[in-house]
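Listed here are the chains, written in short residue letters.
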Amino acid sequence: MSTYKIAPSILAADYANFEKELKRIEETGVKYVHIDIMDGQFVPNISFGAGVVASMRKHSKLVFDCHLMVVNPERYVDDFAQAGADIMTIHAEATTHVHGALQKIKAAGMKAGVVINPGTPLGAIEPVLNLVDQVLIMTVNPGFGGQAFIPECLEKVKLAARLREQRGLDYDIEVDGGVDNKTISACAQAGADVFVAGSYLFKDNLSARVETLKAAIND
Ligand code: DX5
Ligand code: ZN
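Residues numbered from 1 in each chain as written. Chains lettered and ligands numbered in written order. Predicted model: local features only at pLDDT ≥ 70, side-chain atom pairs only at ≥ 80, totals over all residues. Heavy atoms only, no water.

Re the coordination of the zinc ion (ligand 2)
Convention followed: Donor criterion used throughout: N, O or S atom within 2.8 Å of the metal, extended to 3.2 Å for Na, K and Ca. Water excluded; incomplete-looking sites may result. By the criteria applied here, four donors are tetrahedral when all angles lie between 85 and 135 degrees, four are square planar and six octahedral when opposite donors are over 155 degrees apart and every other angle lies between 65 and 115, and any other arrangement is irregular. Only runs of H or I of at least four residues qualify as helices and only runs of E of at least two qualify as strands under DSSP, and these elements are numbered from the N terminus. Exposed residues in this analysis have more than 50% of their type's maximum accessible area, buried residues have under 20%, and partly exposed residues fall in between, with area computed by a 1.4 Å probe over protein chains only.
Listed as protein donors to the zinc ion (ligand 2) are His-34 (NE2), Asp-36 (OD), His-67 (ND1) and Asp-176 (OD); their distances from the metal cover 2.1 to 2.3 Å. In this structure, the zinc ion (ligand 2) is coordinated by six donor atoms arranged in octahedral fashion, with angles at the metal of 69 to 171 degrees. Counting along the primary sequence, the residues that act as donors to the zinc ion (ligand 2) give the motif H-x1-D-x30-H-x108-D. Within this pair, whereas Asp-36 is found in strand β2 (residues 32-38), its partner Asp-176 is found in strand β7 (residues 172-176), the two being separated by 140 residues in sequence. Accessibility expressed as a relative area gives 4% for Asp-36, which makes it buried. Overall, the relative accessible area of 8% leaves Asp-176 in the buried class.

Focus: the UniProt feature "binding site: substrate" (unreviewed entry) in the protein
For clarity, the threshold we go by: UniProt positions are given in the numbering used here, feature names are shortened, and annotations may be inferred rather than shown by experiment. With a 1 Å grid spanning the protein atoms alone, the term cavity applies to any set of points in which a 1.4 Å probe fits but cannot get out, the term pocket to an open set with protein on both sides within 12 Å along at least five of seven lines, and the term lining residue to any residue with an atom within 4 Å of a point. In this analysis, two residues are considered to be in contact whenever any of their non-hydrogen atoms come within 4.5 Å of each other.
The UniProt record marks Ser-9, His-67, Gly-143, Phe-144, Gly-145, Gly-146, Asp-176, Gly-177, Gly-178, Gly-198 and Ser-199 with the feature "binding site: substrate" (unreviewed entry), using the residue numbering of this structure. Lining the largest pocket, from the residues named above, are Ser-9, His-67, Gly-143, Phe-144, Gly-145, Gly-146, Asp-176, Gly-177, Gly-178, Gly-198 and Ser-199. Its location among the elements puts Ser-9 in the loop between β1 (5-8) and α1 (18-27). Overall, Ser-9 belongs to the buried group, its relative accessible area being 4%. For Ser-9, the residues in contact, after removing those within four places along its chain, are His-34, Asp-36, Val-196, Ala-197, Gly-198 and Phe-202.

This is the structure in C-alpha cells:
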C-alpha cells in the first residue's frame, strides 16, 4: 500500500491552545491530525463538536481526520462538511444505517471512514468496504486516551488488509488507541497505514516522539 501516516490525536493536547497545538503538529512534518468527537452517550466522555473543528480549520491546512464517537452520526454530516473536515469516520455500532450514512458523507464531499470497537467483528463492516476511504480498527475501547493497547484487534487489521487486496479496494487502514513506539510495529506488520497516537506523543517533545514512531514502523 501507499506510504504510512502518523495522526497525532488532539484529544491529548491543550484544549485552551488549539491554534498553538496545530502549529506544533504541523512543525513535526506529519500530514494528519486526528480529531476525536465524543457525545457523552456513545462513549461516557464529552469532547467537542463541529463548531470547534470549524475554528481549528482557520488555523491549519492539516488533513482533519474526524473520528465521531457519537450516536446517529448521520445527523452531523453537513455540520462537519461545513466545518472543513476532510475525513469523517463513523462507528458501525452507532447507527442503524451505516451504509446510508457513509453515502451521505461522500455526497457531502468528505472522505468516508468506518470504525469498529474491539468487541465488533470485521464482518459487521464487510458489506460497506467498497464504499469507504478509511477503515479504523479501534485498539482500545473508545472514550479516553491513555489506555492499554489490545493486541487481539490486530487480527482484524490483517483481515481488512487481506480483503482490500482480494477485492482490489484502496481504503487506508487506521489504528487508534494505545499506539506507542512498542505497539506500532505490530500494527504496521499487520497492514495498518494510519497510526493515531495521543498520550504517547504529547508528553514532551512532539517532533522527537513522532520520529520514534517512524523509526519503530521501519524496524
Ligand atoms: C480514544 C480515541 C483516541 C485517543 C487515543 O477513544 O479515539 O483517538 O486519543 O489516545 P491514546 O493514543 O492515548 O490511546
Ligand atoms: Zn480516535
